Each structure stands twice: as structure tokens, then as C-alpha cells.
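# Architecture at a glance
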Amino acid sequence: MAIAGKEHIPVALERCIELLTPAIEYSLSSHSSTIVIDATLGLGGHTRALLAKFPTITVIGIDRDAHAIELAKSNVRQYLDHLRIAQTTYDNIPQILAEQGVSHVAGILFDLGVSSMQLDDGQRGFAYSHSAPLDMRMDQSQELTAQHILDTYDRGALIHILRTYGEEKFAQKIADNIISARASSSLHTTTDLAELVKLSIPAPARRTGGNPAKRTFQALRIEVNQELAVLERAIPAALDALDVKGRLVVMAYQSLEDKIVKAAFTEATASRTPRGLPVDLPNSAAHYSLVIRGSESASESEIQMNPRAQSMRLRAVERLAA
Ligand SMILES: C[S@@+](CC[C@H](N)C(=O)[O-])C[C@H]1O[C@@H](n2cnc3c(N)ncnc32)[C@H](O)[C@@H]1O
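Attention here is on the structure that accompanies the text.

Right, let's get into the overall build of the protein chain. When you go through the protein chain residue by residue, the secondary structure sums to 14 helices and nine strands. Against the globule reference of 20 Å for 322 residues, the protein chain gives a C-alpha radius of gyration of 21 Å, in line with a compact fold. Overall, the protein chain is about 65 × 55 × 40 Å in size when its C-alpha atoms are taken along their principal axes. By residue count, 51% of the 322 residues in the protein chain fall in the buried class. In the form shown here, the protein chain has an accessible surface area of approximately 15100 Å², with 51% of it arising from carbon and sulfur atoms. On the protein chain, the mean spot of the 33 positive side-chain charges and the mean spot of the 37 negative ones are 6 Å from each other.

Listed below in C-alpha cells is the structure:
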């Protein structure tokens, strides 16, 4: 699949389709129409494979990025009659389903984070490896940008986001240097920010753990896009939207997101019978069960082909009862 001259390789493509297949086959055999939500349409890689395998289903593709949607439409062009698109955040699943007149769906896929297109686009500011304006918005119509945060957040707020969203040990020094840079108006590009972070971190700490700017970029991206808050609302909404025997499959690429998914799945799959009773009380058995115990990672061979798969954690649940 082409994006701006580069090959886009969807992560864990076959495994995601395999995990969704029993739910889709059950729905095809028992319902008049089968709907799957791709909550992170991106470039349409997973959607295209789903529609190639199940050409009679309908996919609702959600993405907050208008440019991603345009690329997805082109990549999935042979199946456009079976693709409905919603440009919004994925926590709006209940509203999207209500607008489409759909009550429940057979499957939902989340492939979290930024796409290869967003990382590679020289103007979006997601990557410290390209010099670009400090933007980092997935939805370019929203007002808040990374530049605005760097120019206006007070020291305490900067330290909070660097620590909480970036797990950055040197948050105080980085925040101090961001505030000092305001006086000389010297922080405008991703390269300026990467250099500021490098100078804020003691030399011995720079020698391990990859580029020191990675954690600051992650923190700013999460704050700009409110990624964790949106995900916290989205997973319960997705669980509610599943039909009985429907499946929810989630791929997370950083531990803060994976923790949210894990906690929501643990709660959904727990019996509500008080501990110590030998059998579930009526109506208190869990309504969901884990399809994967714990999480799965990508195989070594996939990571070799697609380094982005390295940090991926895959989780899946199935709805047992309404
Ligand atoms: C990793 S990419 C998905 C790639 C896709 N599975 C494919 O194979 O082409 C993640 C996509 O989710 C979108 N996204 C991230 N957070 C979102 C949110 N809260 N609501 C809607 N879309 C979001 C991003 O704009 C990006 O296009």
C-alpha cells in the first residue's frame, strides 16, 4: 500500500483479521447485516484486508485526521460501497452508531497512536528526526498545538505533562529550559525542541535509551491530542457497542495506553460475584471474556520487517452476554 512514495505495512494484519474472524462469521450467519468498526482507519490497511476477506460486511472507519481519511479512501477504493467514514475521535462511537441507525457491531479494531504517514509528513511535527513546525495535531482543525503548549503552559503544567505522559526523569530541567527559551523566542521547530531536550539531560543519561527527545515528544503529542482521556472514554464505549459474540481487538504502542486497555478489559471480564463463593451468583457472571490471556507482541520476523511493531501489545475480548 503506497503512501507518499513509501510502503505502509499494517501491524499484525493477519493476527487482527484472525481474531475478528469468528465474530464476523457468527454475525454473517445470524444477522441480516454485519458491521465492523475500524476505530483508527489511518491509511486503511486493516480495513482493506477485512473487506477483501469479507466483501459483504460494512466497515465504519473512524479517524480524526482528514488527510488520513483521504489516503484511506484511495487505498480502499475498490470497496468504497462498503465503507462508511466518520471524521471524529473514537470516543464518539455511540453517537456515530446512533447516526448510522446501528445498535451493535460484530467487531471493533483499535490500532492506536500515530500513523506512518503522520510521522513521515515533514509538516506535522510528530517526529524529532524531521525539522518541522511544533504542531503535533492529529486533527488539524483543532486549536491546541505543541507550540501553544510550549509558549503558554506554566512550569508546573509542563513538568506534569513531561512526567505523566513522557515518564521523563529530567522534567524540571526541560521545563526550565522551555521557559527560558521564551525570552529569546528560540523554540519554533522540532529540531529546536530536540536540541533543547538534549542540552537539558546530563551526558551520561543521554548514552542509553535512544534519542532523549522521544519522551518529551510523546508527552506533548499526548497532551495536544488528549490521547489518554479520549482512550479512557472510548474502550468502555466500544465494549458496550459489541453484539453478543462480538470482539474488540486493541493494539497499543506505549505503556500508558496499554495500561488503560488492560484495566478496562480486567474490569469487563471480572465476575461480579463476591470473592469466596464457589459459583457465580445469578446475573453476576462476567459479560466479556479474554480472547488473549494477557497480551501478545509482534513476532521477531514482523519486527524485522516493520520496526514500528516492536513496542506493540495486542489485547482482545469477546462479549458473552448482553
Ligand atoms: C496507527 S494509525 C492506524 C493505521 C491503520 N490501522 C492502517 O493500517 O492503515 C492510527 C490512526 O488513528 C488515528 N487516531 C489516533 N487517535 C485517534 C482518536 N482519538 N480518534 C480517532 N482517530 C484517532 C490517527 O489519526 C491515525 O490515522
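Picking up after the structure, the text goes on.
Strand order in this open sheet of seven strands is 5-4-3-6-7-9-8, and the pairing throughout is mixed. Each having just a single partner strand, strand 5 (83-87) and strand 8 (288-290) make up the two edges of the open sheet. Between one strand and the next, the sheet's axes are offset by a mean angle of 15 degrees, whatever the strand orientation. Here helix 4 (residues 93-100) sits on the sheet and contacts strand 3 (35-38), strand 4 (58-63), strand 5 and strand 6 (105-111); the angle it forms with strand 4, its principal contact strand, is near 135 degrees. Here helix 13 (residues 255-268) sits on the sheet in contact with strand 7 (242-252), strand 8 and strand 9 (313-319), set at roughly 25 degrees to strand 9.

This paragraph deals with helix 2 (residues 45-53). When helix 2 is considered as a whole, its buried residues turn out to be Gly45, His46, Thr47, Leu50 and Leu51. Those residues of helix 2 hidden inside the fold are in contact with helix 1 (13-30), strand 3, strand 4, strand 5, strand 6 and strand 7.

Let's shift gears to the pairing of strand 6. For strand 6, the buried fraction is high: seven of the seven residues fall into the buried class. Pairing geometry for strand 3 and strand 6, over three bridges, is parallel. Counted as the bridge partner of Ile37 is Ile108 from strand 6. Bridge count for strand 6 against strand 7 is six bridges, and the pairing is parallel. In the sheet register, Ile108 faces strand 7, and the bridge partner there is Leu248.

Take the pattern of salt bridges next. Counted under the stated rule, the structure contains 12 salt bridges. Between Glu318 and Arg247 there is a salt bridge, with its nearest N and O atoms 2.8 Å apart. Residue Glu318 is found in strand 9, and its partner Arg247 is found in strand 7; the two are separated by 71 residues along the sequence. In this structure, Glu318 and Arg247 share a single accessibility class: buried. Via salt bridges that share partners, Arg15, Glu18 and Glu296 belong to a single interconnected network.

Time to look at the environment of Gly113. Within the element layout of this structure, Gly113 appears in the loop between strand 6 and helix 5 (116-120). By relative accessible area, which is 26% here, Gly113 ends up partly exposed. Sequence-distant contacts of Gly113, that is, excluding residues within four places in its chain, are made with Gln118, Met138, Arg221 and Glu257.

Rules used in this analysis
Residues numbered from 1 in each chain as written. Predicted model: local features only at pLDDT ≥ 70, side-chain atom pairs only at ≥ 80, totals over all residues. Heavy atoms only, no water. Helix = DSSP H or I, 4+ residues; strand = E, 2+ residues; numbered from the N terminus. Rg over C-alpha atoms; globule rule 2.2 N^0.38 Å. Buried < 20%, exposed > 50% of the residue type's maximum accessible area, 1.4 Å probe, protein only. Areas by Shrake-Rupley, 256 points an atom, 1.4 Å probe, with all protein chains shown as cover. Lys, Arg positive; Asp, Glu negative; His and termini not counted. Charge placed at Lys NZ, Arg CZ, Asp CG, Glu CD. Pairing = 2+ DSSP bridges. Axes fitted to C-alpha atoms, helices over the stretch in contact; angles between N-to-C directions. Contact = heavy atoms within 4.5 Å. Salt bridge = Lys/Arg side-chain N within 4 Å of Asp/Glu carboxyl O.

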